[in-house]
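Here is how the chains run, residue by residue.
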Amino acid sequence: PALSAAELTERLKQWDKKLAQLETDFTQVTSYDGVEVSRSQGKLFYDRAQNRLRLDTLNPHGEVEQTAITDKKDIVILDENNQHVTTLSWADWQQGQPNQALFDFGNYTALVDRHTASVKSQDGQTAVLVLTPKENNEYTLYLTLSKKDFFPQTITIRSELMVTRADLKNTHKNRPLPADVFGGFNQ
């Protein structure tokens, strides 16, 4: 059955409240006027109890090129050898990211509340929720949700001619994370 935007946002908020840990692979592609300008892949880890997020950017061979670990106040950037490169403010770093919603796990309720929601399309497997900012219309956010559990499979942000799409694969929710996954944060 087709779900309304209100029903979809409510289901999104429900899993957001229940999300304690997350581990997922991602591929992110940014294009401008249909021409690909960047492509990255990696692995993302999130732990609500520690308020930690880790993003490993991988090279085409699956080896870590860079790691970013944050408590959503500061973000520590580590190189491929796990050596400290720099520490930045989370807010400053996030402003430079083309697809900020990729880092909003555990905070989707607030994200949804800042937007007006509509439904672009849906079938038996997925629904595409469209979020438009209430304050200004600088961008449009598209969340392709699985109808099985209403977790995002694809997060796309469109701002004029710039489109950034992140596809999430091999997603594991609320499964214990490796003990040392956030180990680099306190160095």
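For the structure, check the block above.
A few points on the structure. (Residues numbered from 1 in each chain as written. Predicted model: local features only at pLDDT ≥ 70, side-chain atom pairs only at ≥ 80, totals over all residues. Heavy atoms only, no water.)

Further remarks concern the nonpolar core. In globular proteins that are soluble, nonpolar side chains generally tend to be buried together. Residues Leu-44, Phe-105 and Leu-143 are the most contacted members of the largest nonpolar core, which totals 35 residues. With 4 residues, the top contributor of residues to this core is helix α1 (residues 5–18). Those residues within four positions of Leu-143 in sequence are excluded, and the remaining contacts are Leu-12, Tyr-108, Ala-127, Val-128, Leu-129, Leu-131, Thr-154 and Ile-155. (Core = buried A, V, L, I, M, F, W, Y, C linked by side-chain atoms within 4.5 Å. Buried < 20%, exposed > 50% of the residue type's maximum accessible area, 1.4 Å probe, protein only. Helix = DSSP H or I, 4+ residues; strand = E, 2+ residues; numbered from the N terminus. Contact = heavy atoms within 4.5 Å.)

Further remarks concern unusual backbone geometry. Despite not being glycine, Phe-150 has its phi angle at roughly 65°, a positive value. Relative to the assigned elements, Phe-150 resides in the loop between β9 (140–146) and β10 (152–159). Residue Phe-150 is classed as buried on the basis of its relative accessible area, which comes to 9%. Not every positive phi belongs to a glycine, and Asn-174 is a case in point at roughly 55°. Examined against the element boundaries, Asn-174 turns out to sit in the segment after β11 (162–173). Given the relative accessible area of 37%, Asn-174 is considered partly exposed.

Moving on: the layout of surface pockets. Considering only enclosed or pocket space, the largest pocket measures out at about 480 Å³ in volume. In terms of lining, the largest pocket is formed by 24 residues, of which the most central are Gln-100, His-115, Pro-133, Tyr-139 and Ile-157. Going through the elements one at a time, α2 (90–95), β10 and β11 are the ones with two or more residues in the lining of the largest pocket. Element by element, the count of residues in the lining of the largest pocket is highest for β11, at 3 residues. Tallied by class, residues from the lining of the largest pocket come to 10 nonpolar, 8 polar and 6 charged. (1 Å grid on protein atoms, 1.4 Å probe; cavity = no way out; pocket = protein on both sides within 12 Å on 5 of 7 lines; lining within 4 Å. Points joined across faces, edges and corners; volume = space filled by probe spheres on them. Nonpolar A, V, L, I, M, F, W, Y, C, P; charged D, E, K, R; others polar.)

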